[in-house]
Amino acid sequence: MRKQEVRTGGEAGQGRGPGPPAGQVKALVDLLAGKSSQGSQAPEPLDRVPQAPLGPHGDDSRIRKCREALLNGARGGPPPRLTSLLLLEGLTDLQLREHDFTQVETTRGAWRPARSLTLDRLFLPLSRVSIPPRISITIGVAGVGKTTLVRNFVQLWARGQVAKDFSLVLPLTFRDLNTHEKLSADRLVRSVFSHIGESGPAAAAPPKTLLILDGLDECKTPLDFSNTVACTDPTKEIQVDHLITNIIRGNLFPEVSVWVTSRPSVAGQIPGGLVDRMTEIRGFDEEEIKACLEEMFPEDHTLSDWVLRQVRADRALYLMCTVPAFCRIAGSALGHLRHSGPGPQDAGQQTPRTLCELYSWYFRMALGGDGQEKGKVSPRIEQVAHSCRKMVGTLGRLAFHGLVRKKYVFYEQDLKAFGVDLALLQSGLCSRFLQREETLAASTAYCFTHLSLQEFVAAAYYYAASRRAIFDLFAEGGVSWPRLGFLTHFRSAAQRAMQAEDGRLDVFLRFLSGLLSPGVNALLAGSLLVQGEHQGYGAQAAELLQGCLRPDVAVCARAVNVLHCLHELRHTELARGVEEAMQSGSLAGLTGPRHHAALAYLLQVSDACVQEANLSLCLSKGVLQSLLPQLLYCRSLRLDNNQFQDPVMELLGSVLSGKDCRIQRISLAENQISNKGAKALARSLLVNRSLTALDLRSNSIGPQGAKALADALKINRTLAFLSLQNNAIRDNGARFVAEALAANRTLSVLHLQKNTIGPLGAQQTADALKQNRSLKELIFSSNSIGDKGAEALAKALKVNQGLESLDLQSNSISDAGVAALMGALCTNQTLISLNLRENSISSEGARDLAQALCSNSTLKNLDLTANLLHDQGAQAIALAVRENRALTSLHLQWNFIQASAAKALGQALQFNQSLTSLDLQENAIGDEGASALASALKANTALTALYLQVASIGARGAQALGDALAVNRTLEILDLRGNAIGVAGAKALANALKVNSSLRRLNLQENSLGMDGAICVATALSGNHGLQHINLQGNHIGESGARMISEAIKTNAPSCTVEM
């Protein structure tokens, strides 16, 4: 913080103190060090430290003055994004080891799901039994707003809005601390209270103090907790990094709360055992990106909308815009591009699609002095070319060597060491890249406005210097090379970047690669670059980069960065070839390390992989193993049909167990997973907190695999969907799963179909349902539960009030089982969907169904396909439909229903106003039944879908339906496939289409329409603007006729899709 932000009440000279300033500082130091006012060395809790005598309101006056000083320069409150932080359990490997850009790109711009903590609770206990944190760390990538957060927090504290428990807040930055070689705790406090007068706050030091250390990543010496000597003497002068480690350890100021902010990779310097609380600042979400751009261009919403569209057009750039500082850089560059318009020299220049192109436009903006009044002529590039190159030569050298040495803050001695002309820093061009700030020690600190700008300028310097350098630019001693040339220097940069385990040279290498692209060279020619310089090296540089992709065990972030560099070079053949292979399903043939790296890259940036990465039918164990680090951050993974066996599940289990894991859905259907593989996955579920859906259908996990997964479900609190379809788990496996259901409170969907589960397994599942309240959908189809199993489930439905969907298709359930289920439906108030397809329900069971439908008010979907209802059963159901007000979908396909039952259903439809879908296909209702339904359609205003495939309907029935369609205004789907309506029926329907406006889909497949009937339908569509899809296949039209009719439909109804 700057000096004016840390002045205290002592500046006003109010209140009474025990003595001169030195004594006041000592009193404060003693208090912070945990000593009593008598100078005892034994630490004492701050709330028990004796207070010095004060005049009336003396302490209140000092605190008030301190708060007023901290409020100096305050402007409003923090943005909503900074009013709460994400509570973390620790740093992930990605955060510890990788560049900030890599962290954002790898996680797809998504932030870890975590509990949020508002600023007013940042330093409070999390529960009634916990204690407040002493050491807190807040992490955030460069440019996310850490310093802004600190300044807003201090101002809110000064207003009394947050951290009310703290009577004093001491804000310091590492930029300030870097100005000292050695420092004591005593001098540390003096550096903050440098203007203490005759009396100050130390005289009656407050009981609770917060020390803020902002910007650990800017500390000039890394903290080394393993080799730092303990120091408890607050007057002893020690190295600044040693002072900080002793404060954090509690050797100094043990009663003071400490809040450190840092970039993630540097925060790992503080041992996790010393950290009581870790939080993270999240970046922009989609709405905040939009709001940021609108704020940048408040008077031109057209411009902000255009900039937003350009950013969204490139997923990689859009991901980076979740970082506020990057979003503003992108907005400035694109706004300048749009505002200035391409000049003659920029003919054919496209909107930036690479990082380097974007930053080149930012440089152009800085060069032209963006912000000049419209109509003013910008300085000619030729006039400033010399100053630009001088700036790159000096400022760029500073940026490059700072990057190599992990130095991001510079002082005047640094500038002098690198020959930076201080006068040069006053130029508008430099001010766009470098910011200046006064420190507490009356010196000046300089830093690049964002880390990426330092990397861009460093790359530009390296690009220019490599033309004439005869030594390794990375080497401190200047080692000469016998062979010179740009490629030698480029190779050195690529090798250094690949060897840097922390990835600090990744983005530098991207910029260096981008400077070789023709687009960037054309943009910066004459100003930053020499026209055509190094342009012959693009292809060679691309080959050199690809040569860095070695067949390692895993595709590391460095390898993925190579693909980013190739993208900057505009050499996208490798990535494009792999993407095409993914889309065509031929990925299995691409097995080289280059292809693996390209696949990992696409998992990050490809639009096709955003929602789901479909890697079915294409992966081997070796390829999967190489991709493991990248799979961690895929939201949804589909790995079906890959012949994966148990060893692969061990690998996937290790991924799912990782702290970094973000996988939410994974499908492993139709592989070769046995109980051992299921056990490996189950072990991961014990610790995984991201996975919500696991699909294991059509494997062979058996009862023991089901047991392992069930045991994990008793502990796991995130999995909501589990499919064990066709896994031969049998009754024993069902028992284990049932035991888990009784304890689990998060699983909402469970698929157990095709598992040879009998009545015993159904009974155990039913017992679990009596206790479970979370399960919403249970698929139990294609088992053998019979009537006994159905009766057990019926008893559960009388108690369970959570299940909404129950699928009992193909389970040998007869009338007795249905009677029990319908008895439960009379009281159950939650079941919405019931599937009883392919059982043995007769007309007697249908009567029980009808009775239940008359009283039940919640069931919406009922599927009775392929039973034995006959007319008598269907008539009973029709009477119930007449009274029912809840059912929306009724499937009666293939139930031996004829005209009399269709008439009953037609009569019911004239009264029913809830049913929207009726399926009567594969029932011989004939023309008579179709006519009855058609009569109902003239009055019914609820039905939207009617399925009458293979229903023995001829021309007369089609004519009746046509008459109904001419009147009906709600039916959207009519399926008449497999009937025999002929030309006459086609003409009747065609006449209806001329006036009907509601029908969206019409299926006339296999109806003997012939050419004449098809032409009638096609011609009628010229007046119909509602139909979206029509099927005329199988009507003996011939290829030539099909083409002619298809063209006619396209002409008459261009929005309608036709199948011929």
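Quick caveat: nothing in here was measured; it's all calculated off a predicted structure. (Residues numbered from 1 in each chain as written. Predicted model: local features only at pLDDT ≥ 70, side-chain atom pairs only at ≥ 80, totals over all residues. Heavy atoms only, no water.)

**Section: the overall build of the protein chain**
When helices and strands are tallied, the protein chain shows 42 helices and 29 strands. Burial status across the protein chain gives 58% buried among its 1060 residues. Restricting to contacts in the protein chain with at least 6 residues of sequence separation, those with at least 24 account for 81%. Per element, the accessible surface of the protein chain, about 41500 Å² overall, is 49% carbon and sulfur. (Helix = DSSP H or I, 4+ residues; strand = E, 2+ residues; numbered from the N terminus. Buried < 20%, exposed > 50% of the residue type's maximum accessible area, 1.4 Å probe, protein only. Contact = heavy atoms within 4.5 Å. Areas by Shrake-Rupley, 256 points an atom, 1.4 Å probe, with all protein chains shown as cover.)

**Some points on the sheet that holds strand β1 (residues 84-88)**
One open sheet holds the seven strands; their spatial order is β2-β1-β9-β3-β8-β6-β4, and the pairing between them is mixed. Where the open sheet ends on each side, the last strands, each with one partner, are β2 (116-118) and β4 (168-173). Strand-to-strand twist of the sheet, defined as the mean angle between neighbouring strand axes without regard to direction, takes the value 30°. Relative to strand β9 (residues 277-280), strand β3 (residues 135-139) is paired through four bridges, and the arrangement is parallel. Opposite Ile-139, over in β9, you have Glu-280 as the bridge partner. Here helix α5 (residues 146-158) sits on the sheet and contacts β1, β3, β4, β6 (209-214) and β8 (257-262); the angle it forms with β6, its principal contact strand, is near 160°. (Pairing = 2+ DSSP bridges. Axes fitted to C-alpha atoms, helices over the stretch in contact; angles between N-to-C directions.)

**A short note on the pairing of β6**
Burial runs high along β6: six of the six residues are buried. Neither face of β6 is open: one carries Thr-209, Leu-211 and Leu-213, the other Leu-210, Ile-212 and Asp-214, and all of them are buried. Sheet topology note: the β4/β6 ladder contains six bridges and is parallel. Pairing of Thr-173 across the sheet is with Asp-214, part of β6. Alignment of β6 against β8, held across four bridges, turns out to be parallel. Of the residues in β8, the one forming a bridge with Leu-213 is Val-260.

**Topic: a nonpolar patch on the surface**
Taken together, the side chains of Ile-470, Phe-471 and Leu-484 define a hydrophobic patch exposed on the protein surface, amounting to about 260 Å² of accessible area. With respect to the secondary-structure elements, Ile-470 resides in the loop between α18 (451-465) and α19 (486-499). For Ile-470, a relative accessible area of 46% translates into the label partly exposed. (Patch = residues over 30% accessible without salt bridge, like charges linked within 9 Å, V, L, I, M, F, W, Y side chains within 5 Å. Salt bridge = Lys/Arg side-chain N within 4 Å of Asp/Glu carboxyl O.)

**Description of the nonpolar core**
In terms of nonpolar packing, the biggest core is built from 296 residues, with Phe-326 and Leu-668 touching the most fellow members. The greatest single-element share of this core, amounting to 11 residues, is contributed by α18. In this structure Phe-326 touches Phe-101, Leu-317, Met-320, Cys-321, Leu-355, Leu-358 and Tyr-359, once residues within four positions along its chain are discounted. Judged by nonpolar contacts, the second largest core, of 38 residues, contains Leu-213, Ile-247, Ala-267 and Leu-440. (Core = buried A, V, L, I, M, F, W, Y, C linked by side-chain atoms within 4.5 Å.)

**Considering the pattern of salt bridges**
What the rule picks out here adds up to 33 salt bridges. A salt bridge links Asp-767 to Lys-770, with the shortest nitrogen-to-oxygen separation between them at 3.8 Å. Note on Asp-767: relative accessible area 32%, which makes it partly exposed. Residues joined in a network through salt bridges with shared partners are Glu-612, Arg-638, Asp-640, Glu-670, Asp-695 and Arg-697.

**Describing the environment of Tyr-633**
Take Tyr-633: it is sitting in the loop between α27 (621-631) and β14 (636-638). Note on Tyr-633: relative accessible area 5%, which makes it buried. If near-sequence neighbours (up to four positions away) are discounted, Tyr-633 is found in contact with Leu-94, Thr-106, Thr-107, Arg-108, Asp-660 and Arg-662.

**Quick notes on the packing of helix α14 (residues 355-368) against α18**
The interhelical angle for the contact between α14 and α18, taken along N-to-C directions, is 90°, at an axis separation of 11 Å. In terms of orientation, α14 lies roughly perpendicular with respect to α18. Across the interface between the two elements, Cys-356, Tyr-359, Ser-360, Tyr-362 and Phe-363 from α14 touch Ser-452, Leu-453 and Phe-456 from α18. (Parallel < 35°, antiparallel > 145°, perpendicular 65-115°, else oblique.)

**Notes on the packing of aromatic side chains**
Applying the stated criterion across every chain yields a total of 22 aromatic pairs. Between the aromatic rings of Phe-363 and Phe-433, the centroid separation amounts to 6.1 Å while the plane-to-plane angle is 55°, which identifies the pairing as tilted. One end of the pair, Phe-363, is in helix α14; the other, Phe-433, is in the loop between α17 (428-431) and β11 (434-438), and 70 residues separate them in sequence. Each member of the pair, Phe-363 as well as Phe-433, carries the same accessibility label: buried. (Phe/Tyr/Trp six-rings, centres within 6.5 Å; stacked < 30°, edge-to-face > 60°.)

**Let's talk about the sheet that holds β11**
With antiparallel pairing, three strands are arranged side by side in an open sheet as β10-β12-β11. Whereas interior strands pair on both sides, the edge strands pair on one side only; in this sheet they are β10 (410-411) and β11. Summarising the sheet, β11 and strand β12 (residues 444-448) pair through five bridges and their orientation is antiparallel. Counted as the bridge partner of Leu-434 is Phe-448 from β12.

**A look at the side chain of Glu-218**
For Glu-218, the position within the fold is in the loop between β6 and β7 (238-239). The contacts of Glu-218, once residues within four sequence positions are left out, are Phe-174, Arg-175, Asn-178 and Val-409.

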